[in-house]
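Analysis of the macromolecular model
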Amino acid sequence: METNAQSGPKVITLSANKGGVGKTRMAILIANCLGASGRQVLVMDMDFNNSASFYYLSPEHTDIARTKNIADGLSRETNNLADYALTTDHPGVHLLASSRYLADLRSINEKRLSRMTGLLSGLYDVILVDCQPDYNNLTLNALNAADLIITPVLKDLDSYNAACFLGQKIALDTDKYDAWHITINGYNHQYEAALSGKQKEYLDIYKNEFQRITDPATWFPWTADMNEIKDRKKLLSGQQIRGAVQNPELYQAVIKLSEFCIQDELLERPAVF
Ligand SMILES: Nc1ncnc2c1ncn2[C@@H]1O[C@H](COP(=O)(O)OP(=O)(O)O)[C@@H](O)[C@H]1O
Ligand SMILES: [Mg+2]
């Protein structure tokens, strides 16, 4: 795999041409897990929908994010993106908050981000780029900057079609096809032995269609605990809950996917993240 980060942090891009497949939840969980295990992590929110920013930003940071955000950071190639990052209340996790002014960057060179992340060595071990469910110039920036691209798929036809489309585009428009991996979101290990059924049907199709699927141990179960992560700030007015991941199956999958992201280095098992 080509790596553009000989010296820079490892860049992991979560991208899919479909919303609701789990990109943002995965980015958050991987970031929190790696941060809790002692890594310095930068979450880059490239989605206008703001979901990752909304999760991390405390009310007092929301104002700062109006001037310190990813759109301002990317607006000039001579900028240092670290100057636009905010600290979060998760250990080791930093945020480049989203901005609606990303809209003004629709014609920037598609390799700008990749040149800029190379300058962040020593500051972050890992950068997680959370993309919008779209294929445009910003998505191309996120793909071109990546050492690893992860596309979550659900067990549904539309996420399958969206993943096939993205794979074709990555092959045609970038040199990152070898870095592209599918991961299954919403896998129920209890149905593993079933010889038929929806899960088996999709799994067979995915194994046939996609060259690189992450290890089954990394596949997230379908669990309402994911919603706790989503709603943590919204429902609890900023009150912190430590250890949002209570579900042991989800915890294991997050650890395994995070280890995969850092090239199978073993992580200490953080008690909470
Ligand atoms: N493994 C899962 N189990 C249960 N719900 C999930 C899971 N993954 C995602 N979700 C639900 O789907 C919603 C969309 O997930 P999200 O990460 O925001 O998707 P994306 O970023 O791809 O649009 C989340 O709010 C959550 O409710
Ligand atoms: Mg999202």
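One can find the structure itself at the top, above this paragraph.
Residues numbered from 1 in each chain as written. Chains lettered and ligands numbered in written order. Predicted model: local features only at pLDDT ≥ 70, side-chain atom pairs only at ≥ 80, totals over all residues. Heavy atoms only, no water.

With respect to the pattern of salt bridges
This structure, assessed with the given rule, holds 6 salt bridges. Asp158 is paired through a salt bridge with Lys18; the nearest N and O atoms lie 3.4 Å apart. Note that Asp158 is positioned in helix α7 (residues 157–173) and Lys18 in the loop between β1 (10–14) and α1 (23–36), a separation of 140 residues in sequence. Close ionic contact of Asp204 with Lys200 constitutes a salt bridge, the shortest N to O distance being 2.7 Å. Here Asp204 and its partner Lys200 are both found in helix α8 (residues 198–209), 4 residues apart, which amounts to about one turn of the helix. The network of salt bridges with shared partners includes Glu77, Arg112 and Arg115. (Salt bridge = Lys/Arg side-chain N within 4 Å of Asp/Glu carboxyl O. Helix = DSSP H or I, 4+ residues; strand = E, 2+ residues; numbered from the N terminus.)

Side note on the layout of surface pockets
Looking at the second largest pocket, its volume works out to about 360 Å³. Looking at the second largest pocket, it is lined by 17 residues, and the ones nearest its centre are Gly20, Val21, Gly22, Lys23 and Arg25. Taken together, the elements giving at least two residues each to the lining of the second largest pocket come down to α1 and α9 (225–236). The element contributing the most residues to the lining of the second largest pocket is α1, with 3 residues. Here the lining of the second largest pocket is composed, by residue class, of 5 nonpolar, 9 polar and 3 charged. (1 Å grid on protein atoms, 1.4 Å probe; cavity = no way out; pocket = protein on both sides within 12 Å on 5 of 7 lines; lining within 4 Å. Points joined across faces, edges and corners; volume = space filled by probe spheres on them. Nonpolar A, V, L, I, M, F, W, Y, C, P; charged D, E, K, R; others polar.)

A closer look at the sheet that holds strand β3 (residues 86–87)
The 7 strands lie next to each other as β3-β4-β2-β5-β1-β6-β7, forming an open sheet whose pairing is mixed. Across the chains shown, the open sheet's two edge strands, defined by having one partner strand only, are β3 and β7 (180–184). Two strands pair when backbone bridges link them, and strand β6 (residues 148–153) and β7 are joined in this way by 5 bridges, in the parallel orientation. Bridge pairing in β7 places Ile150 opposite His181. (Pairing = 2+ DSSP bridges.)

Focus: the site of ligand 1
Around ligand 1, the structure places 14 residues, and the nearest of them are Gly20, Lys23, Thr24, Asn185 and Asn227. Here Thr24 contributes a side-chain N or O atom positioned 2.8 Å from an oxygen atom of ligand 1. Between a nitrogen atom of ligand 1 and a main-chain N or O atom of Thr223, the distance comes to 2.9 Å. Expressed as a share of its isolated accessible area of 560 Å², the protein-covered part of ligand 1 is 87%. Of the residues assigned to the shell around ligand 1, the class counts are 4 nonpolar, 7 polar and 3 charged. (Near = heavy atom within 4 Å. Polar contact = N/O pair within 3.5 Å; in protein donor to acceptor, adjacent residues only side chain to side chain. Areas by Shrake-Rupley, 256 points an atom, 1.4 Å probe, with all protein chains shown as cover.)

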